[in-house]
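Listed below are the residues making up each chain.
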Amino acid sequence: MTLTNVIEVLEAAYPPARAESWDAVGLVSGDPAQPVRRVLFAVDPVAVVAEEAMEWGADLIVTHHPLYLRGTTSVAATTPKGRLVHTLIKNDIALYTAHTNADVANPGVSDALARAVGLAGDLVPLQPFPDDPWRGLGRIGELPEPTCLGDFAALAAKGLPRTAMGLRVAGDLARPVTRVAVSGGAGDSLLGTAKAAGVDVFLTADLRHHPASEFVESGGPALIDAAHWATEWPWLDSAASILRESGVTVETRVSATVTDAWTRGY
Ligand SMILES: [Zn+2]
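Residues numbered from 1 in each chain as written. Predicted model: local features only at pLDDT ≥ 70, side-chain atom pairs only at ≥ 80, totals over all residues. Heavy atoms only, no water.

Per an unreviewed UniProt entry, the protein chain goes by GTP cyclohydrolase 1 type 2 homolog and derives from Nonomuraea purpurea. Listed under Subunit (unreviewed entry) in UniProt, the entry text for the protein chain is "Homohexamer." The heading Sequence similarities (unreviewed entry) in the UniProt record of the protein chain holds the text "Belongs to the GTP cyclohydrolase I type 2/NIF3 family." (UniProt positions renumbered as here; feature names shortened; annotations may be inferred.)

Spelled out as structure tokens, the structure:
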């Protein structure tokens, strides 16, 4: 298999044309003609992930987050990102990113998150594309049985990989919960949409004090704020499955290395 074969499968599942205009998705480094036998999936293109790729003998790393989002004029090994580019090229490891195009795909990042926190049955986008009701940001789904906010938070914490800070909950723990909205990664732009959707709780990441406080005060759904990395990590296995089931004969591995920015809670 060549890198081109693998990219064709990834781009069918996550069309780059669906990425946000500010995003930087696709092939970051690597030769399309190079052979690919082992593919490592990870959230972040960081040094520890490159080390894992080298140890395992990966030919390609597929990450959710872009290495260079805002462009650069240098890949000198004088910065962490430039150093990473050197490590990758010296070791014949390609790097490919599927970011906002994976967020809005079906199945995408929030489908995997929804399943990880226990949602069952059909999932619909929280903010569907005007031209496609089955694709878009976030997902709304239901729990198989009604529960309360406290028990749902415990279920979500169990379903997500462990991180230093775990989950933060805003709202009455006894509040009944059946309908849940989720959005992998920073989801505060979707607070208003989640409120309008009338869900019982909105689970996302990177929420800030003022928007969260005002949201709960105004009678919106309860909020659960998880670690950014943890909300996107479940997608890695979904993407790896799509590659394995495509007929492309490659070995896949999902990195379990926690690369969330927050490494310790006190
Ligand atoms: Zn993210």
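### Structural notes on the packing of aromatic side chains
Taken as a whole and assessed by the stated rule, the structure comprises two aromatic pairs. Between Tyr14 and Trp235, the ring centres sit 5.5 Å apart and the planes meet at 70°, which makes this aromatic pair edge-to-face. Linking Tyr14 in the loop between α1 (3-13) and β1 (26-29) with Trp235 in helix α9 (residues 228-244), this pair joins segments that are 221 residues apart in sequence. Here Trp235 falls in the buried class, since its relative accessible area comes to 0%. Sitting over the face of the ring of Phe129, Arg18 holds its NZ or CZ atom 4.2 Å from the ring centroid. (Phe/Tyr/Trp six-rings, centres within 6.5 Å; stacked < 30°, edge-to-face > 60°. Helix = DSSP H or I, 4+ residues; strand = E, 2+ residues; numbered from the N terminus. Buried < 20%, exposed > 50% of the residue type's maximum accessible area, 1.4 Å probe, protein only. Lys NZ or Arg CZ within 6 Å of the ring centre and 35° of its normal.)

### Details of the coordination of the zinc ion
For the zinc ion, the protein coordination sphere consists of His65 (NE2), His228 (NE2), Glu232 (OE) and Glu232 (OE), at 2.1 to 2.4 Å. Between the four donor atoms coordinating the zinc ion, the angles at the centre fall across 57 to 129°, so the site counts as irregular. Each donor residue of the zinc ion belongs to the same chain, and together they define the spacing H-x162-H-x3-E. Linking His65 in the loop between β3 (60-63) and α3 (80-90) with His228 in helix α9, this pair joins segments that are 163 residues apart in sequence. Overall, His228 belongs to the buried group, its relative accessible area being 19%. (Donors = N, O, S within 2.8 Å, 3.2 Å for Na, K, Ca; no water. Tetrahedral: all angles 85-135°; square planar, octahedral: opposite > 155°, others 65-115°.)

### Remarks on the environment of Ala186
Position of Ala186 relative to the elements: it lies in strand β8 (residues 176-186). For the pair Ala186 and Asp23, spaced 163 residues apart in sequence, the C-alpha separation works out to 14 Å. Ala186 has contacts with Thr204, Ala205, Asp206 and His228, leaving out every residue within four places of it along the chain. (Contact = heavy atoms within 4.5 Å.)

### Digging into the sheet that holds strand β6 (residues 132-148)
In space, the six strands of this open sheet follow the order β5-β6-β8-β9-β10-β7, with mixed pairing throughout. The sheet is open, and its two edges are formed by β5 (120-129) and β7 (168-170), each paired on a single side. The average undirected angle you get between the axes of adjacent strands in this sheet is 25°. Where strand β9 (residues 201-205) and strand β10 (residues 222-226) come together, five bridges link them in parallel fashion. Pairing of Phe202 across the sheet is with Leu223, part of β10. Against the sheet, helix α6 (residues 149-159) contacts β6, β7, β8, β9 and β10, and its axis sits at roughly 120° relative to β6. Here α9 sits on the sheet in contact with β8, β9 and β10, set at roughly 95° to β8. (Pairing = 2+ DSSP bridges. Axes fitted to C-alpha atoms, helices over the stretch in contact; angles between N-to-C directions.)

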